[in-house]
Structures are given as structure tokens and as C-alpha cells.
Amino acid sequence: MQDIIYGIVDSIIEANTFIINVTDAALTNKMKYNRWERISIATIEAPELDMPGGIRDKAKLESVIQGRVVSCSVQSRDASGRVVADVKVI
């Protein structure tokens, strides 16, 4: 079973990465999570901010999830320490 964390999206970093204020976690989680986590959305391949479409795609993500409560089904942590997860607005 995958770990699940819940929280409010605090800020958008780029078109597939954001900061979450973790407010809850599933009781069955195997890993510990910080109060603030950087989440990389597993299902989105997006351009970097300095590439064509990067700023536009970041703005799209902001319009969808900024300030919203989300659930993150954790897949892994990447080399940069980000949580890689499937994300749903709840």
C-alpha cells in the first residue's frame, strides 16, 4: 500500500512541482513526512520555467490547485528530496 499525505497547496514552484503544508497523513504510512514537503506530480511532464510554455503551464497549475486541499499518493522520493506522488484535489 502506498503512503498518503494530505494538505493545503502553499505555493507552486513550476508546472509539475509545488509546496504542500502537510495537515494529515494515513495511519498506515511507512515513512515520516515533514510539515512542509515539495511535491513533484508523477503524471505531469512539464517544461522548465525558462523553456517555452514553462510560465504558462505553471500558471495553469496555480489556477487548479493553489490554496486547495490535496491528497498525495506517494510513489517515491527523487534525488532532490522531492516527494513524487499522484495528486488529487479533494
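Look a little higher up for the structure.
Residues numbered from 1 in each chain as written. Predicted model: local features only at pLDDT ≥ 70, side-chain atom pairs only at ≥ 80, totals over all residues. Heavy atoms only, no water.

**Quick word on the overall build of the protein**
Where we set the bar: To qualify as a helix, a DSSP run of H or I must reach at least 4 residues; to qualify as a strand, a run of E must reach at least 2; elements of each kind are numbered from the N terminus. Note that the radius of gyration is over C-alpha atoms, with the globule rule given as 2.2 Å times the number of residues to the power 0.38. Three exposure classes are used, based on accessible area relative to the maximum for each residue type with a 1.4 Å probe and protein chains only: buried under 20%, partly exposed in between, and exposed over 50%. Contacts are assigned to residue pairs with any non-hydrogen atoms lying within 4.5 Å of each other. Only the protein chains shown count as cover for residues, with accessible areas throughout obtained via the Shrake-Rupley method and a probe of 1.4 Å. For this count, His and the chain ends are skipped, Lys and Arg are scored as positive, and Asp and Glu as negative. For the purpose of locating charges, the reference atoms are NZ of Lys, CZ of Arg, CG of Asp and CD of Glu.
A count of helical and extended segments in the protein gives 1 helix and 5 strands. From first element to last, N terminus to C terminus, the protein shows the α and β order β-β-β-α-β-β. Taken against the 2.2 N^0.38 rule, which gives 12 Å for 90 residues, the C-alpha radius of gyration of the protein at 13 Å falls within 12% of a compact globule. Looking at the protein as a whole, 37% of its 90 residues qualify as buried. At a minimum sequence separation of 6, the contacts of the protein that also span at least 24 residues come to 54%. Entry remark: accessible area of the protein is about 5,500 Å², with carbon and sulfur atoms responsible for 54%. Averaging the positions of the 11 positive and the 12 negative side-chain charges in the protein gives two centres separated by 4 Å.

**Remarks on the sheet that holds strand 2 (residues 17-25)**
Basically, it comes down to this: Each pair of strands is called paired provided DSSP finds at least two bridges between the two strands. Only the contacting stretch of a helix is used when fitting its axis, a line to C-alpha atoms as for every element, and angles between N-to-C directions run 0 to 180 degrees.
Spatially, 5 strands are ordered 1-2-3-5-4 in a closed barrel, and the strand pairing comes out mixed. Here the average twist between neighbouring strands, direction ignored, is 55°. In this structure, strand 1 (residues 4-14) lies alongside strand 4 (residues 69-77), joined through 5 bridges in antiparallel fashion. Bridge pairing in strand 4 links Gly7 to Val70.

**Topic: the nonpolar core**
When a protein is soluble and globular, its nonpolar side chains tend to lie buried together. Convention followed: What is meant by a nonpolar core is a set of buried Ala, Val, Leu, Ile, Met, Phe, Trp, Tyr and Cys residues, joined one to another through side-chain atoms within 4.5 Å.
One finds Ile5, Phe18, Ile20, Ile39 and Cys72 to be the most contacted residues of the largest nonpolar core, which totals 16 residues. Elements with a minimum of two residues in this core: strand 1, strand 2, strand 3 (36-41), helix 1 (54-65), strand 4 and strand 5 (83-89). With residues up to four places along the chain from it excluded, the contact list for Cys72 reads Asp3, Ile4, Ile5, Phe18, Ile20, Ile39, Ala85, Asp86 and Val87.

**Some points on a nonpolar patch on the surface**
Formally: Note that patches include only residues with greater than 30% relative accessible area and no salt bridge, and the join distances are 9 Å for like charges and 5 Å for nonpolar side chains (Val, Leu, Ile, Met, Phe, Trp, Tyr). Any Lys or Arg side-chain nitrogen found within 4 Å of a carboxyl oxygen on Asp or Glu counts as a salt bridge.
On the surface, Ile8, Val69 and Ile90 cluster together into a nonpolar patch covering about 250 Å² of accessible area. Along the chain, Ile90 falls in the segment after strand 5.

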